[in-house]
Amino acid sequence: MVDLRERSRGRVALVVSLVILGLLAVGAVTGVSYLQNRLESRLVRIEDPFADLTDRPTNEPGSDEDADRGDPVNILFLGSDSRISAGDPEQWSAGAQRTDAIMLAQVAGNRKTATVMSIPRDSWVDIPGYGMNKINAAFSFGGPSLMIQTVEQLTGVRIDHFAVADFESFSTLTDELGGVNIELTQPLTAGGKTLEPGSHLLDGEQALTYARERYNVAGGDFGRVQRHQTWMRSMMAATFERGVLTNATRMTGFLDAVAASVAVDEGFSVEEMRSLALSARSLRAEDVRFITAPYAGTGRSPDGTQSIVLLNQPLFDGVAGAFAEDRIAEYLAANPGVAPSLGEDAEFTY
């Protein structure tokens, strides 16, 4: 058994799972060096995607009365549609892959709040060197570096770390957790079985089908964004509700599944992950918020060939500015409804 107190373990787990969807075990292995080393040796590393970036944002924090406030940590997370593998980033090739989920996660400098903002994959934005296009095309055109550059240019937020996972691996991780609890508002057919609306414990295959569904989803792609967030939040909850972090055997299996599911930039060491988790050990579940970038609706590209998402630029600029100044939690509290929020003010069910 891992010798850690329940309260500390749960809070540490929360932060790391939030920022890279499953690495919550890192914070729990304090004092269990062989598990930490195991994860370090098995994690897939992406060659420094920041090395060639220039003219990057230099964020200045807004006013804050908290004398202990440090620097926020911003992580760009991509979830692929399984045409690439997080387990082998070398499979990336120009023009071959796009991403299904794009999320900007921030742990506040005071470590009291955390926010994850999904950016719809079809958002019509300026991609450096390529002009206006859907934001998920940035990964296809130039891999992790161009995606980071595109998001930094769009938001004005400096990205500290990068992570990518594929949903096939999420399915394996879900099974390792013993399934995830999700409230269905529409029937779900997976593995030859149909589940009616209601609360269900979904296995990996069912959860994958739930997240991948492209048709008959309320809200269309906006509804799919909510489904991605729901799956991720459900994994986060399952990890520290079911004793995964209290049993060395279960933790080892979980760590192996995590390592197979997520690839991170080479500068994001396990030690840094653990340090982040420990610094935010007082963070509680209610301090974490999932939102979607403010949007004005859908439209067509100028040539009429593509369906696109139009960001609500005035609202988006306000949200992005709050991220850049490390005051997003305060901004959302002062401006309710400015961005669709999971489980609160979404305009549709999922």
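Preceding this section is the structure that the text describes.
Figured I'd write up the structure that's included with this text. (Residues numbered from 1 in each chain as written. Predicted model: local features only at pLDDT ≥ 70, side-chain atom pairs only at ≥ 80, totals over all residues. Heavy atoms only, no water.)

1. Looking at the environment of Asp 100
Point 1. Its location among the elements puts Asp 100 in strand E3 (residues 99-107).
Point 2. Residue classification places Asp 100 among the buried positions, given a relative accessible area of 6%.
Point 3. Separated by 36 residues in the primary sequence, Asp 100 and Asn 136 have C-alpha atoms spaced 7.5 Å apart. (Helix = DSSP H or I, 4+ residues; strand = E, 2+ residues; numbered from the N terminus. Buried < 20%, exposed > 50% of the residue type's maximum accessible area, 1.4 Å probe, protein only.)

2. Quick notes on the sheet that holds strand E4 (residues 114-118)
Point 1. If you trace the seven strands from one edge of the open sheet to the other, you get E1-E12-E7-E2-E3-E4-E13, paired in mixed fashion. Two strands in the sheet have a free side with no partner beyond their single neighbour: strand E1 (44-46) and strand E13 (288-292). Direction aside, the axes of adjacent strands within the sheet are offset by 25 degrees on average.
Point 2. Where E1 meets strand E12 (residues 262-265), three bridges bridge the pair, whose relative direction is parallel. (Pairing = 2+ DSSP bridges. Axes fitted to C-alpha atoms, helices over the stretch in contact; angles between N-to-C directions.)

3. Quick word on the packing of helix H5 (residues 167-176) against helix H6 (residues 204-212)
Point 1. With their axes 8 Å apart at the nearest point, H5 and H6 run at an angle of 140 degrees to one another. Considered as vectors, H5 and H6 are oriented oblique to each other. For the pair H5 and H6, the crossing hand works out as right-handed. Only Gly 204, Glu 205, Ala 207, Leu 208 and Arg 212 of H6 make contact with H5, whose side of the interface consists of Phe 167, Glu 168, Ser 171, Thr 174 and Asp 175.
Point 2. Per-class residue counts for the contact of H5 with H6 are three nonpolar, three polar and four charged. (Parallel < 35°, antiparallel > 145°, perpendicular 65-115°, else oblique. Left-handed = near helix turned anticlockwise from the far one by under 90°. Contact = heavy atoms within 4.5 Å. Nonpolar A, V, L, I, M, F, W, Y, C, P; charged D, E, K, R; others polar.)

4. Focus: the packing of aromatic side chains
Two numbers describe a pair of aromatic rings. These are the distance of the centres and the angle of the planes.
Point 1. Counted by the stated rule, this structure contains one aromatic pair.
Point 2. Relative to Phe 141, the ring of Tyr 130 has its centre 4.5 Å away and its plane inclined at 15 degrees; by these criteria the two rings are stacked. Taken as a pair, Tyr 130 in the loop between strand E5 (124-127) and strand E6 (131-134) and Phe 141 in helix H4 (residues 137-155) lie far apart in primary sequence, eleven residues in all.
Point 3. Overall, Phe 141 belongs to the partly exposed group, its relative accessible area being 25%. (Phe/Tyr/Trp six-rings, centres within 6.5 Å; stacked < 30°, edge-to-face > 60°.)

5. Observations regarding the pattern of salt bridges
Point 1. Per the stated rule, a full pass over the model turns up three salt bridges.
Point 2. Between Glu 152 and Arg 56 there is a salt bridge, and its shortest N-O distance comes to 2.5 Å. In this pair, Glu 152 sits in helix H4 while Arg 56 sits in the loop between E1 and strand E2 (73-80), placing the two residues 96 residues apart along the sequence. (Salt bridge = Lys/Arg side-chain N within 4 Å of Asp/Glu carboxyl O.)

6. Digging into the nonpolar core
Point 1. Counting 44 residues, the largest nonpolar core has Phe 170, Leu 202 and Trp 231 as the members making the most contacts within it.
Point 2. Core analysis: the next-biggest nonpolar cluster, separate from the first, contains 40 residues, Ala 137, Val 151, Val 157 and Ile 328 among them. (Core = buried A, V, L, I, M, F, W, Y, C linked by side-chain atoms within 4.5 Å.)

7. A few points about unusual backbone geometry
Point 1. Even without a glycine there, the phi angle at Asp 55 is positive, about 55 degrees.
Point 2. Tracing the sequence through the fold places Asp 55 in the loop between E1 and E2.
Point 3. Take Asp 55: its relative accessible area is 79%, and that puts it in the exposed class.
Point 4. Positive phi, normally seen in glycine, also occurs at Asp 326, with a value near 55 degrees.
Point 5. Within the secondary structure, Asp 326 sits in the loop between helix H10 (313-324) and helix H11 (328-334).

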